[in-house]
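Residue-level structure breakdown
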Amino acid sequence: MDFGLTDEQELLRQTAASFVARVCPPERAKQWDDEYTYPPELISGFAEMGWLGLPLAEEVGGGGGTAQEVVIIGEELGRASLDVAQCYALTLMAALVIADYGTASMKSDLLPRIIAGDRRLSIGMSEPDAGSDVAALRTTAVLDGDDFIVNGQKMWCTGAGLPNTEILAYVRTDPTAEKKHQGLSAILIDPTADGVELRQIPTLARHILGTYEVFLDDVRVSGDKLVGALNNGWHVMLGGIDFERVLISGGYVGAAQATLDEALEHAKSRHQFGRPVGEFQALTHALADLQTEIDAARLLVQRAAWLHSVGKPCGPQASMAKLKGSETYVAAARLGMQICAGTGFSTESVMSFRWRESIVAPISGGTSQIQRNAIARSLGLRGY
Ligand SMILES: Cc1cc2nc3c(=O)[nH]c(=O)nc-3n(C[C@H](O)[C@H](O)[C@H](O)COP(=O)(O)OP(=O)(O)OC[C@H]3O[C@@H](n4cnc5c(N)ncnc54)[C@H](O)[C@@H]3O)c2cc1C
């Protein structure tokens, strides 16, 4: 059993850490969030490092890497902020779907542009009445000659308002299908097309990417924008879900670790009653417990990443990584606020930013309850 990183993986970790220090230290990530700014140097930086193609197959111009390498990058980016890690993960998640299910022209034209940082993808699963129960989605795409005519509404489309973005949207193409998860398809929608309207949703955080409501009114989408087979959208949606959970869980662990490190620094430097507040056992034990939780989360993420990278099934393990990682980030930010106390409560503090953005970790990408349901199913329980 080997719990360490290989020399190459350690080099990748160090490279990612110096990228964060140079391009997106936490204070800068907070400023981007405060100013609702998506900095071009972030995506161009990912592209220059070769990270956007890293887990894609070499045949489509990728680096042939595995979930293990991607998680290393995700953890370091998470130290900047979860939103920064998400800037990396989001397009990658959708790109992996294109690599698996896209048409030949998507693979030869779109994927190289994504790898070069010239195109981005957003994911449109959720709708006003389809959150956890995503198969209940109602947006329709009806064939009209060679095109689809799309009508409906998507919710929470992260990054949909950024330039050069397409939405990988899941739509209902066969409303007569017997079961709700049948008759769905995946298509790419251009958010600047006629009939598409976006509204940015005011949120506690996630301001770097922005999160959008997407209104679709008789939007004409060329039939060659279909991703995967017609009416096979459920399969496409689930195809990359384990990788997605593992990938973003790396970000949670990095964000939680950075939060602890920042709280620790405060605990060591802030003096009350003639000593650093970190010497009070109430805080010492809380920090020790938190580091233990973070290490447990990291090991769960690494286990799921390893299983995925050697081609073994990892559904429940990916859910455990997502559950533990996201909840640990929330716990870290809550403790960090208590330790930083008044300093943390100031919205000028990085800790207040950590706290704001941590809240979404156990919600987006499948709530903690949904992860528990998936884990329960692996125990032979109904879990719904
Ligand atoms: C900032 C942000 C970014 C997002 N980005 C995207 C994106 O890019 N693309 C996208 O498609 N979606 C995105 N989402 C949507 C996200 O995936 C959903 O918010 C999430 O799946 C939960 O859906 P909901 O918010 O509608 O909550 P609901 O599904 O309405 O759930 C409400 C509560 O009920 C619980 N619950 C529901 N069903 C069950 C059950 N069976 N068992 C136990 N408890 C249950 C939930 O856990 C939750 O606590 C984003 C959301 C946020 C907040």
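Residues numbered from 1 in each chain as written. Predicted model: local features only at pLDDT ≥ 70, side-chain atom pairs only at ≥ 80, totals over all residues. Heavy atoms only, no water.

What to know about the overall build of the protein
Secondary structure assignment for the protein yields 12 helices and 10 strands. Over its C-alpha trace the protein gives a radius of gyration of 21 Å, about what one expects of a compact globule, namely 21 Å for 384 residues. Seen through its principal axes, the protein has C-alpha atoms that stretch 80 × 45 × 45 Å. Within the protein, the fraction of its 384 residues that count as buried is 52%. Within the protein, residue pairs in contact and separated by at least 24 positions form 72% of the contacts whose partners lie at least 6 positions apart. For the protein, the computed accessible surface area is about 17,100 Å², with 53% contributed by carbon and sulfur atoms. Where the 33 positive side-chain charges of the protein centre and where its 47 negative ones centre are 6 Å apart. (Helix = DSSP H or I, 4+ residues; strand = E, 2+ residues; numbered from the N terminus. Rg over C-alpha atoms; globule rule 2.2 N^0.38 Å. Buried < 20%, exposed > 50% of the residue type's maximum accessible area, 1.4 Å probe, protein only. Contact = heavy atoms within 4.5 Å. Areas by Shrake-Rupley, 256 points an atom, 1.4 Å probe, with all protein chains shown as cover. Lys, Arg positive; Asp, Glu negative; His and termini not counted. Charge placed at Lys NZ, Arg CZ, Asp CG, Glu CD.)

A word on the site of the ligand
Within the structure, the ligand sits among 20 residues, and S132, W156, T158, T367 and Q369 are positioned closest to it. The separation between an oxygen atom of the ligand and a polar side-chain atom of S132 is 2.7 Å. A distance of 2.7 Å separates an oxygen atom of the ligand from a polar side-chain atom of Q369. In isolation the ligand exposes 970 Å². Once the protein is present, 65% of that is buried. At the level of secondary structure, the elements contributing two or more residues to the shell around the ligand comprise β1 (120–124), β3 (147–158) and α12 (368–378). When grouped by side-chain class, the residues that make up the shell around the ligand number eight nonpolar, 11 polar and one charged. A domain-level breakdown of the shell around the ligand finds at least three residues from each of domain 2 (122–234) and domain 3 (237–378). (Near = heavy atom within 4 Å. Polar contact = N/O pair within 3.5 Å; in protein donor to acceptor, adjacent residues only side chain to side chain. Nonpolar A, V, L, I, M, F, W, Y, C, P; charged D, E, K, R; others polar. Domains from an automatic or database assignment.)

Section: the packing of helix α8 (residues 241–269) against helix α11 (residues 350–358)
Each pair of packed helices can be summarised by the angle the axes make with each other and by the distance between the axes. Direction vectors running N to C along α8 and α11 enclose 150°, while the axes themselves pass 11 Å from each other. Viewed along their axes, α8 and α11 adopt a mutual orientation that is roughly antiparallel. You can see that α8 and α11 cross each other, and the crossing is left-handed. Each of A255, A258, T259, E262 and A263 in α8 lies in contact with α11, whose residues at this interface are V350, M351 and R354. Across the contact of α8 with α11, the residue classes break down as five nonpolar, one polar and two charged. (Axes fitted to C-alpha atoms, helices over the stretch in contact; angles between N-to-C directions. Parallel < 35°, antiparallel > 145°, perpendicular 65-115°, else oblique. Left-handed = near helix turned anticlockwise from the far one by under 90°.)

Things to note about the layout of surface pockets
As a volume, the second largest pocket reaches approximately 540 Å³. Elements represented by at least two residues in the lining of the second largest pocket include exactly α1 (7–23), α4 (67–80) and α9 (281–309). In terms of residue count, the dominant contributor to the lining of the second largest pocket is α9 (six residues). In the lining of the second largest pocket, the residues fall into eight nonpolar, five polar and six charged. Each of domain 1 (7–120) and domain 3 (237–378) contributes no fewer than three residues to the lining of the second largest pocket. (1 Å grid on protein atoms, 1.4 Å probe; cavity = no way out; pocket = protein on both sides within 12 Å on 5 of 7 lines; lining within 4 Å. Points joined across faces, edges and corners; volume = space filled by probe spheres on them.)

Quick notes on the pattern of salt bridges
Within this structure, the stated rule accounts for 22 salt bridges. Across the pair D34 and K30 runs a salt bridge whose closest N-O atoms are separated by 2.7 Å. Highlighted residues: D34 and K30, both in helix α2 (residues 26–34), separated by four residues, approximately one helical turn. Note that E76 is salt-bridged to R79, the shortest N-O span being 3.7 Å. Of this pair, E76 and R79 both sit in helix α4, three residues apart, roughly one helical turn. One connected set of salt bridges, linked through shared partners, spans E10, R13, E76, R79 and D261. (Salt bridge = Lys/Arg side-chain N within 4 Å of Asp/Glu carboxyl O.)

Topic: α4
For α4, built from 14 residues, the straight-helix expectation of 20 Å at 1.5 Å per residue is met to within 8% by its first-to-last C-alpha distance of 20 Å. In terms of burial, α4 is largely enclosed, as 12 of its 14 residues are buried. Those residues of α4 that fall on the buried side of the exposure criterion are A67, E69, V70, V71, I72, I73, G74, E75, E76, L77, G78 and A80. (Expected span 1.5 Å × (residues − 1).)

Brief notes about α1
Residue pairs three or four apart in sequence face the same way in an α-helix, which turns once every 3.6 residues. Its 17 residues place the ends of α1 24 Å apart at the C-alpha level, agreeing with the 24 Å of an ideal helix rising 1.5 Å per residue. Every buried residue of α1 is accounted for by Q9, L12, A16, F19, V20 and V23. With its buried residues spanning 95° around the axis, α1 presents them on a single face. Residues D7, L11, A21 and R22 are exposed on α1 and point more than 90 degrees away from its buried face. Buried residues along α1 sit against α2, α3 (40–48) and α4. (Arc of directions from axis to C-beta.)

Describing the domain arrangement of the protein
The assigned domain composition of the protein is domain 1 (7–120), domain 2 (122–234) and domain 3 (237–378). With 25 residues of domain 1 in contact, the opposing surface of domain 2 contributes 23 residues. For the pair domain 1 and domain 2, the summed buried surface comes to about 2,100 Å²; carbon and sulfur atoms form 63% of the total. When residues of domain 1 are sorted by the area they lose upon contact with domain 2, Y36, L90 and R120 head the list and together hold 29% of the total. Our count for the contact surface shared by domain 1 and domain 2 stands at two salt bridges. Two residues, R206 and D83, come together in a salt bridge whose shortest N-O distance is 3.7 Å. Taken together, the links from domain 1 to domain 2 amount to nine residue pairs in polar contact (both at pLDDT 80 or more). When residues of the side of domain 1 that touches domain 2 are traced back to their parent elements, those giving at least two are α2, α5 (82–101) and α6 (104–115). Split into classes, the residues belonging to the side of domain 1 that touches domain 2 amount to 15 nonpolar, five polar and five charged. (Buried area = accessible area lost by both parts, 1.4 Å probe.)

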